[in-house]
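# Per-entry structural report
Letter by letter, the chains look like this.
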Amino acid sequence: MPFPSRLIEGYRSFRTGRLQREQDRYRELAESGQSPAVMVIGCIDSRVSPEVIFDARPGELLVVRNVANIVPPYQPDEHAHGVSAAIEFGVVALAVKHVVVLGHGQCGGVRAFADEAEPLTPGDFIGKWMRLMAPAAEKTGPRGTLSHAEYLTRLEQANVANSLDNLMTFPRLREGVEDGRVALHGAYFGVATGELLIRDEATGAFLPAAGDGAPFRR
Ligand SMILES: [Zn+2]
């Protein structure tokens, strides 16, 4: 099968559009190296691209994406840990000033966990990966009278909080947070409306991001 033509088309459009405007910036970044101030840990969901949501220019965001924007706890052992390596790179090598965990609505990973969907195969990766969400589910508590959709939203937001808790288990990052060199934030993107909520550190509530754009179409 040939290289996807949609990608060729997209690249053409990038070359004649954005690259024209950003060419100097790309050259500069190639020479000086990247120094993004913000690291975003998001979900692989194709609808939730941090660079698009935050209208980021090249070199501005260090992005790591995985199934359900999960940060595993700090666990130095003989295994390779991709997310932890990215965190180490962002925090230690690049000294980012902000780490944002970006959750979102209609997250398939969170829903799979909530519905206890069958793993793809007995030796699958997703099932084991999603188990990292267990503390978030515990904090969310039983579904009770909540609708399925409401329960999933709570779980998606608790999962962001759980990732923030796990970030604090990384000693170098914790040190940075305590010294005020780096700040941790939680955010939540509503796929249907495009609304961004930001987690209030004191209360844990997710509140609308300040914005004076057009109202959201619900
Ligand atoms: Zn997701």
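Anything mentioned here points back to the structure above.
Residues numbered from 1 in each chain as written. Predicted model: local features only at pLDDT ≥ 70, side-chain atom pairs only at ≥ 80, totals over all residues. Heavy atoms only, no water.

### As for the coordination of the zinc ion
Worth spelling out the cut-off: Metal sites are built from N, O and S donor atoms within 2.8 Å, or 3.2 Å for Na, K and Ca, and they leave out water, so they may look incomplete. Helix and strand assignments come from DSSP, with helices taken as H or I runs of at least 4 residues and strands as E runs of at least 2, each series counted from the N terminus. Burial classes follow relative accessibility: with a 1.4 Å probe on protein chains only, a residue under 20% of its type's maximum area counts as buried, one over 50% as exposed, and anything between as partly exposed.
For the zinc ion, the full set of protein donor atoms is Cys-43 (SG), His-104 (NE2) and Cys-107 (SG), at a range of 2.0 to 2.2 Å. Sequence spacing among the residues donating to the zinc ion works out to C-x60-H-x2-C. Of the two residues, Cys-43 is situated in strand S1 (residues 38–43) and His-104 in strand S3 (residues 98–104); the sequence distance between them amounts to 61 residues. The same class applies to Cys-43 as to His-104, namely buried.

### Details of unusual backbone geometry
The phi torsion at Asp-55 lies on the positive side, around 50°, for a residue other than glycine. With respect to the secondary-structure elements, Asp-55 resides in the loop between helix H3 (50–53) and strand S2 (61–66). Asp-55 sits in the exposed class, given a relative accessible area of 66%. Residue Ala-68 is not a glycine yet carries a positive backbone phi of 70°. Take Ala-68: it is sitting in the loop between S2 and helix H4 (82–93). Residue Ala-68 is classed as buried on the basis of its relative accessible area of 0%.

### Describing the environment of Pro-208
For clarity, the threshold we go by: Here a residue-residue contact requires only that any non-hydrogen atoms of the pair lie within 4.5 Å.
Its place among the elements puts Pro-208 in strand S6 (residues 206–208). When the C-alpha atoms of Pro-208 and Lys-139 are compared, they prove to be 23 Å apart, with 69 residues separating the residues in sequence. If we ignore the near neighbours within four places in the chain, the residues touching Pro-208 are Glu-195, Leu-196 and Leu-197.

### Brief notes about the sheet that holds S1
How we decide: In this analysis, strands are considered paired if DSSP registers two or more bridges between them. Note on geometry: axes are lines fitted to C-alpha atoms, helical ones only across the stretch in contact, with angles between N-to-C directions running from 0 to 180 degrees.
An order of S2-S1-S3-S4-S5-S6 is seen for the six strands of this open sheet, with the pairing classed as mixed. The open sheet has two edge strands, S2 and S6, and neither has a second partner. In this sheet, adjacent strand axes meet at a mean angle of 30° when their direction is disregarded. Where S1 and S3 come together, four bridges link them in parallel fashion. Residue pairing for S3: Met-39 is matched across the bridge by Val-99. Along the sheet face, helix H8 (residues 148–167) touches S1, S3, strand S4 (183–189), strand S5 (196–199) and S6 and points at about 165° away from the line of S4.

### Details of the nonpolar core
Quick reminder of the rule: By nonpolar core is meant a set of buried Ala, Val, Leu, Ile, Met, Phe, Trp, Tyr and Cys residues that side-chain atoms within 4.5 Å join together.
If you look at the biggest cluster of nonpolar residues, it comprises 22 residues, and the most contacted ones within it are Met-39, Ile-41, Ile-87, Val-96, Val-99, Leu-167 and Leu-173. Looking at this core, the elements with two or more residues in it are S1, S2, H4, S3, H8 and S4. Listed in part, the eleven residues of the second largest apolar core include Ala-68, Cys-107, Met-130 and Ala-137.

### Looking at the packing of helix H1 (residues 5–16) against helix H2 (residues 18–32)
Note the threshold: Roughly parallel means an angle under 35 degrees; roughly antiparallel, over 145; roughly perpendicular, 65 to 115; everything else is oblique.
Here H1 crosses H2 at 65°, and the two axes come no closer than 4 Å. The orientation of H1 with respect to H2, classified from their angle, is roughly perpendicular. From H1, Ser-13, Phe-14, Arg-15 and Thr-16 reach across to H2, where they touch Arg-18, Leu-19, Gln-20 and Tyr-26.

### Considerations on the pattern of salt bridges
As a reminder, the rule being used: Salt bridges are identified by distance alone: a Lys or Arg side-chain nitrogen within 4 Å of an Asp or Glu carboxyl oxygen.
All told, the structure shown has six salt bridges when counted by the stated rule. Asp-165 serves as the salt-bridge partner of Lys-139, at 3.0 Å between the closest nitrogen and oxygen. Placement of Lys-139 in helix H7 (residues 134–140) and of Asp-165 in helix H8 is noted, with a sequence separation of 26 residues between them. Taking relative accessible area as the criterion, Lys-139 reaches 63% and is therefore assigned exposed. With its nearest N and O atoms 2.8 Å apart, the salt bridge here joins Asp-179 to Arg-181. Each member of the pair, Asp-179 as well as Arg-181, is classed as exposed. Overlapping salt bridges bring together Arg-18, Glu-22 and Arg-57 as one network.

Read these as geometric descriptors, not functional statements.
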